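Observations on the model geometry
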Amino acid sequence: MTLDDGRTGEFVVPSDQSDHHPVYFRDDETGDVHPVRIDPRATREQLQASPHATRYQPEPDHPDRPAWEKDALVVGGGAAGGALIGAAAGGGKGAGVGAVAGGVGGMLYDLLSKKRQ
């Protein structure tokens, strides 16, 4: 498809039904992939028969999807706590080991807590 500004690309429909976006646009020139907001009444057949973009619009926030900043705080907090405990127990080398262990623990906690929601 060709956009109004002359860029060309294609619509990509993800096979994963849990994806927050039903359609993405892949730019032929840059290879960048952007989420596309579509009319909820549009069918797949309509998109295939007449693909076109009507306007550009920034992507809205997803209130049901947590921001990446929360994930970073959980993992970073675990790493910082592990580094403090490791430094107190084993000096500089202990701080490094504790940071890795705390970061992994924070990441596991974050992943497991998401599955419960």
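This is a predicted model, so every value here is computed, not measured.

Remarks on the overall build of the protein chain
A tally of regular secondary structure across the protein chain gives two helices and three strands. What you see in the protein chain, going N to C, is helices and strands ordered as β-β-β-α-α. In the protein chain, which comprises 117 residues, the share counted as buried stands at 17%. The contacts in the protein chain between residues at least 6 apart in sequence include a share of 33% that link residues at least 24 apart. On the protein chain, roughly 8,800 Å² of surface is accessible, and the fraction owed to carbon and sulfur atoms is 59%.

Focus: a nonpolar patch on the surface
On the surface, Val 100, Val 104, Met 107, Leu 108, Leu 111 and Leu 112 cluster together into a nonpolar patch covering about 550 Å² of accessible area. Turning to its location among the elements, Met 107 is positioned in helix 2 (residues 68-116).

Things to note about the sheet that holds strand 3 (residues 33-36)
Spatially, 1-2-3 is the arrangement adopted by the three strands of the open sheet, whose pairing is antiparallel. Looking at which strands have only one partner, the edges of the open sheet turn out to be strand 1 (9-12) and strand 3. Within this sheet the neighbouring strands show an average axis-to-axis angle of 30 degrees, counted without direction. Bridging between strand 1 and strand 2 (residues 23-27) involves four bridges; their strand directions are antiparallel. Residue Glu 10 lies in a different strand from strand 2, and its bridge partner there is Arg 26.

Here we look at the pattern of salt bridges
For the coordinates displayed, the defined rule picks out two salt bridges. For the salt bridge of Glu 10 with Arg 26, the shortest nitrogen-to-oxygen distance reads 3.0 Å. Residue Glu 10 is found in strand 1, and its partner Arg 26 is found in strand 2; the two are separated by 16 residues along the sequence. A relative accessible area of 37% means that Glu 10 is categorised as partly exposed. Using a relative accessible area of 27% as the deciding quantity, one classes Arg 26 as partly exposed.

Description of the side chain of Asp 27
Along the polypeptide, Asp 27 turns up in strand 2. Not counting chain neighbours up to four residues away, the residues in contact with Asp 27 comprise Arg 7, Thr 8, Gly 9 and Asp 32.

Looking at the environment of Asp 71
Position of Asp 71 relative to the elements: it lies in helix 2. For Asp 71, a relative accessible area of 18% puts it in the buried group. Along the chain, Asp 71 and Leu 111 lie 40 residues apart, while their C-alpha atoms are 8.9 Å from each other. Contact partners of Asp 71, with chain neighbours within four places excluded, come to Asp 110 and Lys 114.

Thoughts on the pairing of strand 3
Inspection of the sheet shows strand 2 paired to strand 3 by four bridges, in the antiparallel sense. Within strand 3, the residue paired with Arg 26 across the bridge is Val 33. Counted between consecutive antiparallel strands, the loop separating strand 2 from strand 3 contains five residues, among which Gly 31 sits at a positive phi close to 85 degrees.

Notes on the side chain of Asp 110
Tracing the sequence through the fold places Asp 110 in helix 2. Note on Asp 110: relative accessible area 6%, which makes it buried.

Focus on the confidence of the model for the protein chain
Summing up the model confidence of the protein chain, the mean pLDDT is 77 and the portion of residues at 70 or higher is 77%. The element-level mean pLDDT for the protein chain is lowest in helix 1 (residues 44-49), coming to 74, with helix 2 highest at 83.

Conventions adopted
- Residues numbered from 1 in each chain as written.
- Predicted model: local features only at pLDDT ≥ 70, side-chain atom pairs only at ≥ 80, totals over all residues.
- Heavy atoms only, no water.
- Helix = DSSP H or I, 4+ residues; strand = E, 2+ residues; numbered from the N terminus.
- Buried < 20%, exposed > 50% of the residue type's maximum accessible area, 1.4 Å probe, protein only.
- Contact = heavy atoms within 4.5 Å.
- Areas by Shrake-Rupley, 256 points an atom, 1.4 Å probe, with all protein chains shown as cover.
- Patch = residues over 30% accessible without salt bridge, like charges linked within 9 Å, V, L, I, M, F, W, Y side chains within 5 Å.
- Salt bridge = Lys/Arg side-chain N within 4 Å of Asp/Glu carboxyl O.
- Pairing = 2+ DSSP bridges.
- Axes fitted to C-alpha atoms, helices over the stretch in contact; angles between N-to-C directions.
- pLDDT = per-residue confidence, 0-100.

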